[in-house]
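Breakdown of the fold
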Amino acid sequence: MIRFDNISKRYPGGFEALSRVSFHLPRGKLAYLTGHSGAGKSTLLKLIALIERPSRGQIILDGVNLNNIRNKRIPQIRRNIGIIFQNHHLLYDRPVFDNVAMPLVIQGYRHRETRKRVRAALDQVGLLNKEKVDPITLSGGEQQRVGIARAIVHKPALLLADEPTGNLDPELSREIMELFARFNLFGTTVLIASHDLDLIKQMKFPTISLNKGMIESNDLLVPGSLGQAV
Amino acid sequence: MPKKQRKGPEKNSKLVSYLTHHLQMLIASLGYLSRQPVSTFMTSAVIAIALALPAGLYIALDNASQLSADWDGTTLISLFLKDDVNIKTVEKLAARLGQSKEIEKVSIINRDQGLKQFQKISGFGDAIELLDENPLPHVITVQPVVDQQSPDKVVHLVKTLQNEKLVELAQLDMLWVKRLYTLLDVAQRGVWIIGSLLALAVLLIIGNTIRLDIQNRREVIEVSKLIGASDAFIRRPFLYTGMWYGISGGLIAWLLIAVSLGIMDEPVQKLAALYHSSYELSGLNSNDIATLIAISCILGLGGSWLAVGRHLSEIEPS
Ligand SMILES: Nc1ncnc2c1ncn2[C@@H]1O[C@H](COP(=O)(O)OP(=O)(O)O)[C@@H](O)[C@H]1O
Ligand SMILES: [Mg+2]
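Here the structure is a predicted model, which means the values were calculated and not measured. (Residues numbered from 1 in each chain as written. Chains lettered and ligands numbered in written order. Predicted model: local features only at pLDDT ≥ 70, side-chain atom pairs only at ≥ 80, totals over all residues. Heavy atoms only, no water.)

1. Quick look at the sheet that holds strand β8 (residues 189-193) of chain A
Residues and elements named next belong to chain A. A sheet is described by the order of its strands in space; here 6 strands give the open sequence β6-β7-β8-β3-β9-β10, paired in mixed fashion. Every other strand in the sheet has two partners, leaving β6 (81-84) and β10 (214-218) as the edge strands with one partner each. Strand-to-strand, the axes of this sheet are offset by a mean angle of 20°, without reference to chain direction. Against the sheet, helix α5 (residues 140-152) contacts β6 and β7 (158-162), and its axis sits at roughly 170° relative to β6. (Pairing = 2+ DSSP bridges. Helix = DSSP H or I, 4+ residues; strand = E, 2+ residues; numbered from the N terminus. Axes fitted to C-alpha atoms, helices over the stretch in contact; angles between N-to-C directions. Contact = heavy atoms within 4.5 Å.)

2. A word on the domain arrangement of chain B
By domain assignment, chain B separates into domain 1 (24-69 + 180-314) and domain 2 (76-171). Between domain 1 of chain B and domain 2 of chain B, the C-alpha centre-to-centre distance is 53 Å. (Domains from an automatic or database assignment.)

3. Topic: the interface of chain A and chain B
Opposite the 24 residues of chain A that make contact, chain B presents 20 residues. Between chain A and chain B, the buried area comes to about 2,100 Å², and carbon and sulfur atoms account for 59% of it. By the criterion of area lost to chain B, the three top residues of chain A are Arg78(A), Ile106(A) and Arg110(A), representing 28% of everything that side buries. At the junction of chain A and chain B, the tally comes to 0 salt bridges. Viewed at the interface, chain B and chain A are joined by 5 residue pairs in polar contact (both at pLDDT 80 or more). Mapped onto the side of chain A that touches chain B, the elements with two or more residues apiece are α2 (74-78), α3 (96-106) and α4 (111-124) of chain A. Counting residues per element, the side of chain A that touches chain B draws most heavily on α3(A), at 4 residues. (Buried area = accessible area lost by both parts, 1.4 Å probe. Salt bridge = Lys/Arg side-chain N within 4 Å of Asp/Glu carboxyl O. Polar contact = N/O pair within 3.5 Å; in protein donor to acceptor, adjacent residues only side chain to side chain.)

4. Concerning a nonpolar patch on the surface
Residues and elements named next belong to chain B. Side chains of Leu255, Val259, Ile263 and Met264 sit close together on the surface and give an oily, nonpolar patch of about 420 Å² of accessible area. In this fold, Met264 is placed in helix α9 (residues 231-274). For Met264, a relative accessible area of 48% puts it in the partly exposed group. (Patch = residues over 30% accessible without salt bridge, like charges linked within 9 Å, V, L, I, M, F, W, Y side chains within 5 Å. Areas by Shrake-Rupley, 256 points an atom, 1.4 Å probe, with all protein chains shown as cover. Buried < 20%, exposed > 50% of the residue type's maximum accessible area, 1.4 Å probe, protein only.)

5. Topic: the packing of α3(A) against α5(A)
Residue and element names in this part refer to chain A. In the contact formed by α3 and α5, the axes pass within 7 Å of each other and the chain directions differ by 30°. It follows that α3 is roughly parallel to α5 by the angle criterion. The hand of the α3/α5 crossing is right-handed. In this structure, α3 contributes Val96, Asn99, Val100 and Pro103 to the contact, and α5 contributes Val146, Ala149 and Arg150. Counted by class, the contact of α3 with α5 contains 5 nonpolar, 1 polar and 1 charged residues. (Parallel < 35°, antiparallel > 145°, perpendicular 65-115°, else oblique. Left-handed = near helix turned anticlockwise from the far one by under 90°. Nonpolar A, V, L, I, M, F, W, Y, C, P; charged D, E, K, R; others polar.)

6. Quick look at the nonpolar core
Counting residues in each nonpolar core, the largest one holds 38 residues, and the members touching the most others are Ile210(B) and Ile214(B). Residue assignment for this core shows that the elements contributing at least two residues are α3 of chain A together with α1 (14-34), α2 (37-72), α7 (175-216), α8 (218-226), α9 and α10 (286-311) of chain B. Per element, the largest residue contribution to this core is 9 residues, and it comes from α9(B). Residues contacting Ile210(B), with those up to four places away along its chain left out, are Phe238(B), Thr241(B), Gly242(B), Tyr245(B), Ser304(B), Ala307(B) and Val308(B). (Core = buried A, V, L, I, M, F, W, Y, C linked by side-chain atoms within 4.5 Å.)

7. Some details on the domain arrangement of chain A
All names here are of chain A. The domains assigned to chain A are domain 1 (2-80 + 156-227) and domain 2 (93-154). For domain 1 and domain 2, the distance between their C-alpha centres works out to 24 Å. Each partner contributes to the interface: domain 1 provides 11 residues, whereas domain 2 provides 12 residues. Surface buried jointly by domain 1 and domain 2 totals about 1,000 Å² across both partners, of which 68% is contributed by carbon and sulfur atoms. By the criterion of area lost to domain 2, the three top residues of domain 1 are Arg79, Pro156 and Phe183, representing 44% of everything that side buries.

8. Describing the site of ligand 1
All names here are of chain A. By nearness alone, every residue bordering ligand 1 is listed as Tyr11, Phe15, Ala17, His36, Ser37, Gly38, Ala39, Gly40, Lys41, Ser42 and Thr43. A distance of 3.0 Å separates an oxygen atom of ligand 1 from a polar backbone atom of Gly40. Ser42 places a polar side-chain atom, nitrogen or oxygen, 2.7 Å from an oxygen atom of ligand 1. Burial of ligand 1 by the surrounding chains reaches 63%, relative to a free accessible area of 560 Å². Looking at side-chain class alone, the shell around ligand 1 contains 4 nonpolar, 6 polar and 1 charged residues. (Near = heavy atom within 4 Å.)

Structure follows, in structure tokens:
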């Protein structure tokens, strides 16, 4: 599903956030991306979502070389990805339902289908009774779950989550991680960046760990390559 | 899930969802504006004033040229004939001139007739009795066909008539008509220049307002881009907002002009009465109104297009 070939990312100003990173996340798998703060986790996810572009190397997403995607086609790629952020990026000018419905509206889903899917997504994150509520009135964990509902409502093949449990207490964090594991059971490929090492150990999924932009350990070696452990 | 009767498609066809979104944004942007009535009104009012000024001047000019068109009808060329011409020849000449397509009407003032009129008007009746010979020549008055577009033709006609063998002197009564035309021409260009500058101002006002709107809705734009909205999709509500600003500005401008004309009407009537004439200010006809609204609509779209083109690409998710 995702394959990184020797990816380096140098930000304007010269800082190299990723150096020669390679891995392969097969379709239908769930994996964790770990590393201390500043290791390059967010950068790696941004490269997949085409928020940033690599300085070197190539990324193959679902068989497509992202280097060949022009800016005009970025929306098309993003429609197949669900993205979840630490600061959930909810819009406070509209109720929960409208927040979750956004991906469907953009893709021209019919009204009835939209209602059905938004309900289903809210049900999966346990917030079905909150659809008319303003998101600002929800707790941090609830807001995060609304963000997750928005990311899965259009049934994307790939789910990217950047520190989805960053602000939550351990119990809520675990719940959220289990939610992702459940989506994965239904066939969604999931990549979660997190520095919560204890929780990750409990969940027992393959892990890529980054250190200062380089791969430290990698459970997802590119087939046929020697790996890059340092 | 059991297979039941066939469901309809989940998504609308591209065309339907495209049109649906257009319609939704058309209405949503109107809703957005009506939720902040004060700032919407202020912006529209500024646009309206900028539009009403050139439109009002245009109407003033229109009225002035109608006025001068009325007076053109009385533009006369007097042909003072040579002394020794007898009345038969005068009649022949008058008949010949009457044929010309540049001439509307010809009439003859017989020298005896002329003298009687002069006696009456001047009060020199007795003194003139003493003259043993009539000092006045026969006169032919020519009313030219006036082509509004080219007042020079009248002057040219005067020159041609001056070259007639029997004519001693050809005199155009109303040289000022030409001056008025020239003046109107100058004023017309002035209105065009003012109009263009103010149109540019409207473009900038709307552009700046939309720029602020874009900044205020930064969050929405970022999220929309993240979940795969196309640029066109994100642009749409802003373009419609600009269009509505333009249209409401145009409507208020129409109101301003109508009120101004209402205020001017009475004094203009009085002025006309002083000249023993009646004159009605002509206001905006439906054509003018449609043009005004169309222009303001286009300026609104144009202004927001400029802002959107410049500022939307600056906002990227990060
Ligand atoms: N837009 C940017 N411009 C310059 N440097 C950046 C930018 N984004 C991130 N960085 C730097 O790249 C490094 C990796 O950042 P990031 O990918 O956010 O790490 P993580 O998510 O693992 O904490 C950090 O040192 C950060 O300062
Ligand atoms: Mg990060």
